[in-house]
Amino acid sequence: MTVKTYDAIVIGAGIVGSACAAECAREGLSVAILEAGIVGGGATAAGMGHLVVMDDSEAQFALTRYSQQLWDELRDELPHEVEHDACGTIWVAVDDEEMAEVRRKETFYAERRVKTEILDAQSLAEAEPNLRPGLVGGLRVPGDSVIYPPCAAQFFVDQAMAKGAKLFLGTAVEAITSDGVRLRDGSSISAGLVVNSAGSSSSALTPGLEVKKRKGHLVITDRYPNFVRHQLVELGYLKSAHTLTAESVAFNVQPRKTGQLLIGSSRQFGADDSKVDTAILTRMLDRALEYLPGLGKLSSLRAWTGFRAATPDKLPLIGPHPEHERLHLATGHEGLGITTSLATAKLVVAQIMNRETAIPVAPYLPARMTREPVHG
Ligand SMILES: Cc1cc2nc3c(=O)[nH]c(=O)nc-3n(C[C@H](O)[C@H](O)[C@H](O)COP(=O)(O)OP(=O)(O)OC[C@H]3O[C@@H](n4cnc5c(N)ncnc54)[C@H](O)[C@@H]3O)c2cc1C
């Protein structure tokens, strides 16, 4: 049985799908949001919620910066439970080589009008007294912030529904068809276009997509207000985030508004079950202890895992599928999907509406991945 026709079906109510649905509905499109589980329950629930401007490539910078500006514009509208905290980031340097990287980053950001501040050893210790002695400095990025992502996803779904979107929870899409989707219960929903924003499951719905699961672990502690004041990230994080093969851990600790600390992070390919892996968890916590020795005295409450959706060139897929013009992709955001969700939604909808995009969209177009033919 085929039911009602919508202008757009959005698959997945993670932060990316939710933001896309809100933006489609704002444009006046009739929208169905199809979610196999709950709103914000996939990687969005597993992630850290760091809204961070990144400089790994010009394209990554452009997307993170644009999206951060959109988050800033939204700040006063975000409900209390989104826990927006303008804590800023400190990239921590352990030696002179990493301090050279601090200076490179500072120049890169200054040239693009992002405010930063170089910290020497003493000012780093003053800013974060629980960091171990002997660190050489860091880069403070005051414009970065932190949110609680599942509630942000719910906020976007609420915005979409206020504009008439219909939410179908517990509704798993089996296949994307030429005129909509077929559901796992055998029924179909038709639509003018489909947005595949199913995160790390997006390639199961669009065969040929080079999106792989990249497992990550996080730990949350009991409440220790002010133990850290900024999101603290080691500069070695970049090596960890951007090697595509290795299993890696990096020091990445976040203060929550509740006073809790989120401790991350790990990256693994080829580990597709969601079990907590104690070996990698131990490596991750040992790494955090190297920077914050006092963490050893704190109580942790829970550890969990989640799956980033990784592409080979570390950029998301945003825009029309090269072979199916009614299928749009909004996936492959790896470790930056919370940050880049809002920019993704703007870019998806601008392309749907045939409007100029606010930043050049070419680096994110799915067509870049299809040197070889992709099917269905
Ligand atoms: C440990 C970790 C830390 C992270 N930290 C950060 C961070 O600090 N900052 C940042 O910006 N990003 C971070 N990320 C990345 C971020 O969490 C993701 O990029 C983002 O949540 C992706 O959102 P999404 O909506 O694309 O996917 P998801 O949140 O996974 O949502 C996809 C949704 O699609 C649904 N779905 C899947 N298949 C189907 C189907 N067949 N039918 C219907 N529904 C379906 C799922 O149920 C799910 O709800 C982190 C990720 C991890 C794992």
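Residues numbered from 1 in each chain as written. Predicted model: local features only at pLDDT ≥ 70, side-chain atom pairs only at ≥ 80, totals over all residues. Heavy atoms only, no water.

Caption draft 1: Looking closely at the pairing of strand β10 (residues 180–183). Of the strand pairs in this sheet, strand β9 (residues 173–177) and β10 are connected by 4 bridges, and their pairing is antiparallel. Its bridge partner lying in β10, Val-173 is registered against Leu-183. Connecting β9 to the next strand, β10, in antiparallel fashion are 2 residues. Connecting β10 to the antiparallel partner strand β11 (residues 188–196) that follows it, the hairpin turn spans 4 residues, and Gly-186 within it adopts a positive phi of roughly 95 degrees. (Pairing = 2+ DSSP bridges. Helix = DSSP H or I, 4+ residues; strand = E, 2+ residues; numbered from the N terminus.)

Caption draft 2: Highlighting the packing of aromatic side chains. The full count for this structure, using the stated rule, is 7 aromatic pairs. Summarising the aromatic geometry, the rings of Phe-61 and Phe-108 are spaced 5.4 Å apart at their centres and angled 85 degrees between planes, so their arrangement reads as edge-to-face. Of the two residues, Phe-61 sits in helix α3 (residues 58–74) while Phe-108 sits in helix α4 (residues 96–111), which places them 47 residues apart along the sequence. Each member of the pair, Phe-61 as well as Phe-108, is classed as buried. (Phe/Tyr/Trp six-rings, centres within 6.5 Å; stacked < 30°, edge-to-face > 60°. Buried < 20%, exposed > 50% of the residue type's maximum accessible area, 1.4 Å probe, protein only.)

Caption draft 3: Region of interest: the packing of helix α1 (residues 15–26) against helix α10 (residues 337–352). Between α1 and α10, whose axes approach to 8 Å, the crossing angle comes to 40 degrees. Regarding α1 and α10, the two cross each other, and that crossing is right-handed. For the pair α1 and α10, contact is made by Ile-15, Val-16, Ala-19, Cys-20, Glu-23 and Cys-24 and by Gly-337, Ile-338, Ser-341, Leu-342, Thr-344, Ala-345, Lys-346, Val-348, Val-349 and Ile-352, respectively. Taken together, the residues that form the contact of α1 with α10 break down as 11 nonpolar, 3 polar and 2 charged. (Axes fitted to C-alpha atoms, helices over the stretch in contact; angles between N-to-C directions. Left-handed = near helix turned anticlockwise from the far one by under 90°. Contact = heavy atoms within 4.5 Å. Nonpolar A, V, L, I, M, F, W, Y, C, P; charged D, E, K, R; others polar.)

Caption draft 4: Structural detail: the environment of Lys-163. By the secondary structure assignment, Lys-163 is in the loop between α6 (149–162) and β8 (166–169). C-alpha separation for the pair Lys-163 and Ala-22, spaced 141 residues apart in sequence, amounts to 8.0 Å. With residues near it in sequence (within four places) discarded, Lys-163 still touches Ala-25 and Arg-26.

Caption draft 5: The arrangement of α3 in detail. With 17 residues, α3 should reach 24 Å at 1.5 Å per residue; the first-to-last C-alpha distance of 24 Å fits that figure. The buried fraction of α3 amounts to 12 of the 17 residues, a majority that puts the element mostly inside the structure. (Expected span 1.5 Å × (residues − 1).)

Caption draft 6: Region of interest: the pattern of salt bridges. A complete count under the given rule lists 19 salt bridges for this structure. Residues Glu-290 and Arg-287 are paired through a salt bridge, measuring 3.0 Å at the closest nitrogen-oxygen approach. You can see Glu-290 and its partner Arg-287 sitting in helix α9 (residues 278–291), 3 residues apart, about one turn around the helix. Look at Glu-290 and you get partly exposed, because its relative accessible area is 41%. In this structure, Asp-313 and Arg-368 form a salt bridge, with 2.6 Å as the shortest nitrogen-oxygen distance. Here the residue Asp-313 occupies a position in the loop between β16 (300–310) and β17 (317–320), and Arg-368 occupies one in the segment after α10, the gap between them amounting to 55 residues. (Salt bridge = Lys/Arg side-chain N within 4 Å of Asp/Glu carboxyl O.)

Caption draft 7: Quick look at unusual backbone geometry. Residue Ser-265 follows Gly-264 across a cis peptide bond; omega there is -15 degrees. One can find Ser-265 in strand β15 (residues 260–269). A positive phi angle, close to 70 degrees, is found at Asn-226, a residue other than glycine. Here Asn-226 is to be found in the loop between β12 (212–223) and β13 (231–234). The exposed category is assigned to Asn-226, whose relative accessible area is 58%. Not every positive phi belongs to a glycine, and Asn-354 is a case in point at roughly 60 degrees.

Caption draft 8: Here's a closer look at the site of the ligand. In the neighbourhood of the ligand, 36 residues make up the surrounding shell, with Glu-35, Thr-44, Val-173, Glu-334 and Thr-339 lying closest. Taking Gly-335, its main chain carries an N or O atom lying 3.0 Å from a nitrogen atom of the ligand. With respect to the ligand, the backbone of Gly-337 contributes an N or O atom lying 3.0 Å from an oxygen atom. Those elements giving two or more residues to the shell around the ligand turn out to be α1, β2 (31–35), α2 (43–46), β16 and α10. Here the residues of the shell around the ligand sort into 15 nonpolar, 17 polar and 4 charged. (Near = heavy atom within 4 Å. Polar contact = N/O pair within 3.5 Å; in protein donor to acceptor, adjacent residues only side chain to side chain.)

Caption draft 9: Region of the structure containing the environment of Ser-341. Residue placement: Ser-341 occurs in helix α10. Separated by 154 residues in sequence, Ser-341 and Ser-187 have C-alpha atoms that sit 30 Å apart. In this structure, Ser-341 is in contact with Ile-15, Val-16, Ala-19, Ser-67 and Trp-71, ignoring residues within four places of it in sequence.

Caption draft 10: Examining the packing of α1 against α6 more closely. α6 packs onto α1 with a crossing angle of 20 degrees between their chain directions and a minimal axis gap of 8 Å. Relative to α6, α1 is oriented roughly parallel. Handedness of the α1/α6 crossing: left-handed. Packed against α1, whose contacting residues are Ile-15, Ser-18, Ala-19, Ala-21, Ala-22, Ala-25 and Arg-26, the element α6 presents Pro-149, Ala-152, Ala-153, Phe-156, Val-157, Gln-159 and Ala-160 at the interface. In terms of residue class, the contact of α1 with α6 is made up of 11 nonpolar, 2 polar and 1 charged. (Parallel < 35°, antiparallel > 145°, perpendicular 65-115°, else oblique.)

Interpretation note: all reported values are geometric properties and have no functional meaning in isolation.
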